[in-house]
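# Summary of structural features
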Amino acid sequence: MKKELLLKSIAETAYNVGYGAKVNFATYDIVEKAPGFFGFVSLVVGIYALFLKELTSEHVGAALVVLGVITLYLNNYSTEKDKYDEMGKELTARFSALKTLFRTAQSRPETEDFTEIAESLTRIEQEVIKLTPSKQILFSDWYAHYKFFWQQQTDWIAEARPFTLFRDKLPLTFTAAMAAVVIAGVVQVIRCYAPCCG
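Keep in mind that what you see is a predicted model, and the values were worked out from it rather than measured. (Residues numbered from 1 in each chain as written. Predicted model: local features only at pLDDT ≥ 70, side-chain atom pairs only at ≥ 80, totals over all residues. Heavy atoms only, no water.)

## Here we look at the environment of E125
What counts is decided by this rule: Here a helix means four or more residues in a row that DSSP labels H or I, a strand means two or more in a row labelled E, and each is numbered from the N terminus. Burial classification: accessible surface area is computed with a 1.4 Å probe over protein chains only, and a residue below 20% of its type maximum counts as buried, one above 50% as exposed, and the rest as partly exposed.
Of note, E125 is situated in helix α4 (residues 115–131). Taking relative accessible area as the criterion, E125 reaches 30% and is therefore assigned partly exposed. With 108 residues separating them in the primary sequence, E125 and V17 have C-alpha atoms 8.6 Å apart.

Here it is as structure tokens:
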């Protein structure tokens, strides 16, 4: 395998492995922290509702019920949350191994044999396939994008596999949601101003 292609393969695998680690950590963080946060918010709203009439409205009550339902949803993952933390650590170890592999391949001249490095890459890829759980919590991919691109060093991956904003750095579901919000806003503005113009 040519050096350039090998570096690109390692970078692509590292992107998938590093992002997968962050998805697992994101699921763990959400399951671990969100119920406590929602409970705190509900408690604070409940205390303030004792003397602020505005907080006793049906809208506030409905919002608190929604928080309760979300907490119940999150509790479905609580028995397995440690598994997500462990998978994140295992994948992070593979991510670090891939970085070492990348730098090793990068430092060798084009004329060398890269069979050993290619075999190591294949072995790591096979290990990762066995490690990765398919069930993740809702919105963990959004949080994982933040954790991967803002909290982790990814410049070395970009050397061989450049990142794009809409393809890589923003989740597709986030982009679609923002597009829907913009379209809904434009439609609302058109509805508001259409009678004036007609």
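## Topic: helix α5 (residues 140–151)
In plain terms, the rule: Contacts are assigned to residue pairs that have any heavy atoms within 4.5 Å of one another.
What α5 keeps buried is the set S140, A144, H145, K147, F148 and F149. Check the buried side of α5 and you find it contacts α1 (3–48), α3 (81–107), α6 (155–158) and α7 (165–169).

## Points about the layout of surface pockets
A probe matching the size of a water molecule, rolled over the atoms, marks out where space remains unfilled. As a reminder of what qualifies: Here a cavity denotes a set of grid points, spaced 1 Å apart and computed over the protein atoms alone, in which a 1.4 Å probe fits but from which it cannot get out, and a pocket denotes an open set meeting protein on both sides within 12 Å along at least five of seven lines; residues with an atom within 4 Å of a point are reported as lining. Grid points are joined across faces, edges and corners, and a volume is the space filled by probe spheres set on the points.
Volume-wise, the largest pocket comes out at about 170 Å³. Surrounding the largest pocket, H145, Y146, F149, W150, T154, D155, A158, F163, L165, K169 and L170 form its lining. For the lining of the largest pocket, the elements supplying multiple residues, two or more each, are α5, α6 and α7. Top element by residues in the lining of the largest pocket is α5. It accounts for 4 residues.

## Some thoughts on the packing of aromatic side chains
Cut-off, in case you're wondering: Pairing of aromatic side chains requires ring centres within 6.5 Å, counting the rings of Phe and Tyr and the six-membered ring of Trp. Pairs whose planes differ by under 30 degrees are stacked, by over 60 edge-to-face, and all others tilted. Think of it as a cone above the ring: NZ of Lys or CZ of Arg counts as a charge over the ring if it is within 6 Å of the ring centre and within 35 degrees of the ring normal.
Under the counting rule described, the total for this entry stands at 17 aromatic pairs. Taking 5.4 Å as the distance between ring centres and 55° as the angle between the ring planes, the aromatic pair formed by Y48 and F51 counts as tilted. Using a relative accessible area of 41% as the deciding quantity, one classes Y48 as partly exposed. Note on W142 and F174: the rings are 5.2 Å apart at their centroids and 90° apart in plane angle, and the pair reads as edge-to-face. A residue pair is termed long-range when its members are at least 10 positions apart, and W142 in helix α5 and F174 in helix α8 (residues 172–197) qualify at 32 residues. An aromatic cluster of three or more residues is present, and its members are Y15, Y19, F95, F102, F148, F149, W156 and F163. Seen from the ring of Y84, K83 lies directly overhead, with NZ or CZ sitting 5.4 Å from the centre.

## Focus: unusual backbone geometry
Unlike most non-glycine residues, F139 shows phi in positive territory, near 70°. Here F139 is to be found in the loop between α4 and α5. Since its relative accessible area comes to 44%, F139 is described here as partly exposed.

## Some points on the side chain of S140
This is how the line gets drawn: Residues adjacent in sequence count toward polar contacts only when both atoms are side-chain atoms; beyond that, a polar contact is any pair of N or O atoms within 3.5 Å, and within protein one must be able to donate a hydrogen and the other to accept it.
Mapped onto the elements of the fold, S140 is located in helix α5. For S140, a relative accessible area of 3% puts it in the buried group. At 2.8 Å, the side chain of S140 and the backbone oxygen of I137 are in polar contact. Setting aside its immediate chain neighbours within four residues, S140 contacts V23, A26, T27 and I30.

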